[in-house]
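# Structural description and commentary
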Amino acid sequence: DQYDANIRFYLAATGASGLTASNTFTDAPSTYTMQFTAAPTSVTLGSCSAAFSVQRLENGIADTTGSTTLTLATSGTGTFYSDPTCTTSILAGTIVNGASIGTFYYKPTSGTGVHTISVNGNGNYNLSSSLLSNLTVNANTVAITVKTSPTGRSFSVDGTAYTSAQTFNWAPGENHTIATSSPQA
């Protein structure tokens with residue numbers, strides 16, 4: 001939007017003489033920003049995240065005018081996608097003309113812990129905005145059940161004793177100790 005900062009209106013009354021009024025109105029330029037409307041807080045390593053949605057705003061109101069490129073980056077190792085099944089990879093997202101929200105997905109490929117997702121928006125008049133979101137990447141675990149045959153015999157897992165079947169959620173590659181004593185009656 002373009003604004004004329006100095007607009008003058010002149011008023012005159014019919015039948016009166018020597019009366020004039022003037023006033024100057026100033027219209028400040030718009031402020032363009034972005035905000036997350038959806039940002040997942042966690043994802044499992046190797047899985048596609050829920051949607052990240054970024055909204056473009058003009059003076060705090062949804063802005064559907066123009067197109068905005070969303071430059072995407074991560075502090076971790078992973079790939080951004082345009083679809084919820086994480087099949088079409090992207091380097092940048094877009095908020096298209098006529099919409100105020102752009103959506104993307106993230107799939108971490110290595111490293112657990114926090115991956116910081118950054119979004120930089122450029123375009124649409126004077127928009128130059130950045131957003132950050134912390135995404136916790138959890139290890140991909142596998143359910144492992146440990147039990148005895150015959151049932152009821154004693155065993156230990158990582159130093160803790162058991163006498164009935166136990167299920168553990170372990171990440172691939174982790175080391176654990178399973179032990180028993182012999183003989184048992």
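We now turn to the structure provided with this report. Fair warning: this is a prediction, and the values are worked out from it, not measured in the lab.

### Digging into the sheet that holds strand S15 (residues 155–157)
In spatial order, the strands read S16-S15-S18; together these 3 strands make up an open sheet with antiparallel pairing. Across the chains shown, the open sheet's two edge strands, defined by having one partner strand only, are strand S16 (160–162) and strand S18 (178–179). Relative to S18, S15 runs antiparallel, the two sharing 2 bridges. In the sheet register, Val 157 faces S18, and the bridge partner there is Ile 178.

### A short note on the state of the cysteines
For the structure on display, the rule yields 1 disulfide. Bridging Cys 48 to Cys 86, the disulfide has an S-S length of 1.9 Å. Between Cys 48 and Cys 86, the S-S torsion sits near 70 degrees, and that sign places the bridge as right-handed. With Cys 48 in the loop between strand S4 (42–44) and strand S5 (52–58) and Cys 86 in the loop between strand S8 (77–81) and strand S9 (89–90), the pair connects residues that are 38 residues apart, well separated along the chain. Taking relative accessible area as the criterion, Cys 48 reaches 26% and is therefore assigned partly exposed.

### Side note on the packing of aromatic side chains
Remark: the centre distance and the inter-plane angle together describe each pair of aromatic rings, the angle taken between the planes. Inspection of the entire model under this criterion finds 7 aromatic pairs. Consider the rings of Phe 36 and Phe 52, whose centres lie 6.1 Å apart with planes at 55 degrees: the pair is tilted. With Phe 36 in strand S3 (residues 32–38) and Phe 52 in strand S5, the pair connects residues that are 16 residues apart, well separated along the chain. Classification of Phe 52 as buried rests on a relative accessible area of 0%. Ring centres of Phe 168 and Trp 170 lie 5.1 Å apart, and the angle between their planes is 15 degrees; this geometry places the pair in the stacked category. What makes Trp 170 buried here is its relative accessible area of 13%.

Reading the values: rules and limits
- Residues numbered from 1 in each chain as written.
- Predicted model: local features only at pLDDT ≥ 70, side-chain atom pairs only at ≥ 80, totals over all residues.
- Heavy atoms only, no water.
- Pairing = 2+ DSSP bridges.
- Helix = DSSP H or I, 4+ residues; strand = E, 2+ residues; numbered from the N terminus.
- Disulfide = S-S within 2.5 Å.
- Buried < 20%, exposed > 50% of the residue type's maximum accessible area, 1.4 Å probe, protein only.
- Phe/Tyr/Trp six-rings, centres within 6.5 Å; stacked < 30°, edge-to-face > 60°.

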